[in-house]
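Coordinates in review
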Amino acid sequence: MMVTRLVASASSRRSTRSSTHPPPKKLRTWLETGYRLAQAEDDRVAVARILADPTISAALRAAAEDVIDGTPEELRYFLETGQYEVDK
């Protein structure tokens, strides 16, 4: 009885592990395309949150409005660096 449980437990762990980890090819594809797009969505939301703050300066508001429809790289740059370079 105990041996059966151990074997079943090891078997279920193996199947769970393989179902939760994608194959390398799918992972590589996601890292090359999907990750960039997912990060851009998150960044766009972060810029929208900045715009929702009524206390930001006019210069920061203008910069955020310019970048919100930009490329993923522009959004990332704005959040990491650009927002701090704007005259407050």
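The rules we used
Residues numbered from 1 in each chain as written. Predicted model: local features only at pLDDT ≥ 70, side-chain atom pairs only at ≥ 80, totals over all residues. Heavy atoms only, no water. Helix = DSSP H or I, 4+ residues; strand = E, 2+ residues; numbered from the N terminus. Buried < 20%, exposed > 50% of the residue type's maximum accessible area, 1.4 Å probe, protein only. Contact = heavy atoms within 4.5 Å. Core = buried A, V, L, I, M, F, W, Y, C linked by side-chain atoms within 4.5 Å.

A look at the overall build of the chain
What the chain contains, in helices and strands, is four helices and zero strands. Mapped from its N terminus to its C terminus, the chain presents α and β elements in the order α-α-α-α. Expressed as a percentage of its 88 residues, the buried residues of the chain come to 23%. Restricting the contact set of the chain to residue pairs at least 6 apart, pairs at least 24 apart contribute 54%.

Section: the nonpolar core
In this structure, Val 47, Ile 50, Leu 60 and Phe 78 are the most contacted members of the largest nonpolar core, which totals 13 residues. If you list the elements that add at least two residues to this core, you get helix H2 (24–52), helix H3 (58–67) and helix H4 (72–85). The element contributing the most residues to this core is H2, with four residues. Beyond its immediate sequence surroundings of up to four residues, Phe 78 is in contact with Val 47, Ile 50, Leu 60, Ala 63, Ala 64, Val 67 and Gln 83.

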